[in-house]
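Okay, here's what each chain looks like letter by letter:
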Amino acid sequence: MVDLTDLLLEAERCDRSWSKDRLRSLLNDKEGITFDWDMECGERWATVFFDQKFIGYVSSVLPLAFCKTAFLKEIERTLEEKVLIIGEDDLDSKKWFIDPQKLAEHSKRLRWIVNEQVLELKQFSINDLWYATI
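Computed from a prediction, not measured in an experiment: that's the story for all the values here.

1. Some details on the confidence of the model for the chain
Stage number 1. On average, residues of the chain score 91 in pLDDT, and 100% of them reach the 70 mark or higher.
Stage number 2. Across the chain, the element-wise mean pLDDT spans from 84 in helix α5 (residues 112-115) up to 98 in strand β7 (residues 96-97).

Shown next as structure tokens:
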């Protein structure tokens, strides 16, 4: 099992000025990069593709990206900023967990992950996280 709590808190510390507009500007007009993200509807994740192949998700809430390991260089070139990028070969592997008490103690900004109660915090995959918190 992998604790995502500290990674979320680290991403939050990376760039407190992270915003939806900043993410959009990073993803626009990048050669080979396309994305699916309905920013106006409040989606929290952009789904990113390279040459029409799915490569990962980038959060609009904090500077955090989950990327298929084979595409790490492409996502690093695209984001160009201090974004915590987590390489993952199997986005369906239920090996992740979040400590709700620790998250609540250390971050007011991220409490929604716990408060919305849409994710099984004891064991989930990155795809589960994306789907539950989109």
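2. Considering the nonpolar core
Stage number 1. Grouped together as the largest cluster of nonpolar side chains are 25 residues, with contacts concentrated most on L4, L8, L64, F66, I98, L110 and I113.
Stage number 2. The set of elements that each furnish at least two residues to this core consists of α1 (5-14), β5 (64-67), β6 (84-87), α5 and α6 (126-133).
Stage number 3. One finds I33, W37, F50 and V83 within the second-largest nonpolar core, a separate group that totals 18 residues.

3. So, the sheet that holds strand β2 (residues 33-36)
Stage number 1. Read across the sheet, five strands follow the order β2-β3-β4-β5-β6 without closing on themselves; strand pairing throughout is mixed. In this open sheet, the two strands that pair with only one neighbour each are β2 and β6. Across the sheet, the axes of successive neighbouring strands diverge by a mean angle of 25°, strand direction being ignored.
Stage number 2. In the sheet, strand β4 (residues 53-59) pairs with β5 via three bridges, with the strands oriented antiparallel. From the neighbouring strand, V58 faces β5, where its bridge partner is A65.

4. A few points about the packing of aromatic side chains
Each aromatic ring pair is characterised by the separation of its centres together with the angle its planes make.
Stage number 1. Under the defined criterion, the tally for this structure stands at eight aromatic pairs.
Stage number 2. An aromatic cluster of three or more residues is present, and its members are W45, F49, F54, Y57, F66, W96, W130 and Y131.
Stage number 3. In this structure, R44 packs its charged tip against the face of W112, placed 3.9 Å from the ring centre.

5. A look at the pattern of salt bridges
Stage number 1. In this structure the tally under the stated criterion is six salt bridges.
Stage number 2. When the shortest N-O distance is used, the salt bridge between K95 and E88 registers 3.1 Å.
Stage number 3. Residue class for K95 comes out partly exposed when judged on its relative accessible area of 28%.
Stage number 4. Between D128 and K94 there is a salt bridge, with the nearest N and O atoms lying 2.4 Å from each other. Taken together, the positions of D128 in helix α6 and K94 in the loop between β6 and β7 put the pair 34 residues apart, joining distant regions of the chain.

6. Some remarks on α1
Stage number 1. Taken as a whole, α1 has its buried residues at T5, L8, L9, A11 and E12. All buried residues of α1 fall inside an arc of 160° around its axis, so they share one side.
Stage number 2. At its buried positions, α1 is contacted by β1 (2-3), β5, β6, β7, α4 (100-106) and α5.

What counts and what doesn't
- Residues numbered from 1 in each chain as written.
- Predicted model: local features only at pLDDT ≥ 70, side-chain atom pairs only at ≥ 80, totals over all residues.
- Heavy atoms only, no water.
- pLDDT = per-residue confidence, 0-100.
- Helix = DSSP H or I, 4+ residues; strand = E, 2+ residues; numbered from the N terminus.
- Core = buried A, V, L, I, M, F, W, Y, C linked by side-chain atoms within 4.5 Å.
- Buried < 20%, exposed > 50% of the residue type's maximum accessible area, 1.4 Å probe, protein only.
- Pairing = 2+ DSSP bridges.
- Axes fitted to C-alpha atoms, helices over the stretch in contact; angles between N-to-C directions.
- Phe/Tyr/Trp six-rings, centres within 6.5 Å; stacked < 30°, edge-to-face > 60°.
- Lys NZ or Arg CZ within 6 Å of the ring centre and 35° of its normal.
- Salt bridge = Lys/Arg side-chain N within 4 Å of Asp/Glu carboxyl O.
- Arc of directions from axis to C-beta.
- Contact = heavy atoms within 4.5 Å.

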